[in-house]
Amino acid sequence: MAAAIDKAAAKNLVAVTNRRVIMAKTHTFRKQGQIGQDIPVDRVRYVRAPTRDGNRRTAIDIITPDENIQSIFHADIDNTLVDALAAVLAEKQHRDHPHAPGPTT
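Residues numbered from 1 in each chain as written. Predicted model: local features only at pLDDT ≥ 70, side-chain atom pairs only at ≥ 80, totals over all residues. Heavy atoms only, no water.

> Pulling in residues and values, what's your account of the overall build of the protein chain?
From N to C terminus, the protein chain includes two helices and seven strands. Counting helices and strands in the order they occur from the N terminus, the protein chain gives β-β-β-α-β-β-β-β-α. In the protein chain, buried positions account for 34% of the 105 residues. Across the protein chain, the fraction of contacts at a sequence separation of at least 24, relative to all contacts at a separation of at least 6, is 36%. Carbon and sulfur atoms form 47% of the exposed surface of the protein chain, whose accessible area is close to 6,400 Å². (Helix = DSSP H or I, 4+ residues; strand = E, 2+ residues; numbered from the N terminus. Buried < 20%, exposed > 50% of the residue type's maximum accessible area, 1.4 Å probe, protein only. Contact = heavy atoms within 4.5 Å. Areas by Shrake-Rupley, 256 points an atom, 1.4 Å probe, with all protein chains shown as cover.)

Given below as structure tokens:
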């Protein structure tokens, strides 16, 4: 299992297993065991590489047939952790699906 926690703000948890991508608010997950989103890996069609917004926060987009999920990390997070998470997510993408978006630049 690969996971990245936004340590600066300690707000977001993203975990990738061989079957699913789990996203949760760290506090809620730790205290109540509650998961925000549970995405089966076979629904991941495309992963957009990490980008930075105007506030220098890093973001990863996970595209499924039903939605575009953006995970934004605090500006102080180690970008190598976000890059590693994006790489693990990219291994799970199923681009052979007929509705998968093509690469973006």
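Okay, back to it.
> Account for the sheet that holds strand S6 (residues 58–63), naming residues and giving values.
Hydrogen bonds between backbone groups are what pair the strands of a sheet, and the pairing can be parallel or antiparallel. Reading across from one edge, S5-S6-S7 is the order of the three strands in this open sheet, with antiparallel pairing throughout. Two strands lie at the open edges of the sheet, namely strand S5 (46–52) and strand S7 (68–73), each paired on one side alone. Strand-to-strand twist of the sheet, defined as the mean angle between neighbouring strand axes without regard to direction, takes the value 15°. Pairing of S6 with S7 involves six bridges; the strand directions are antiparallel. Counterpart to Thr-58 in the pairing with S7 is Phe-73. (Pairing = 2+ DSSP bridges. Axes fitted to C-alpha atoms, helices over the stretch in contact; angles between N-to-C directions.)

> Help me get a handle on the environment of Val-47, residues and values and all.
Tracing the sequence through the fold places Val-47 in strand S5. Taking the C-alpha atoms as reference points, Val-47 and Ile-60, 13 residues apart in sequence, are found 7.2 Å from one another. Val-47 has contacts with Ile-60, Asp-61, Ala-86, Leu-89, Ala-90 and Gln-93, leaving out every residue within four places of it along the chain.

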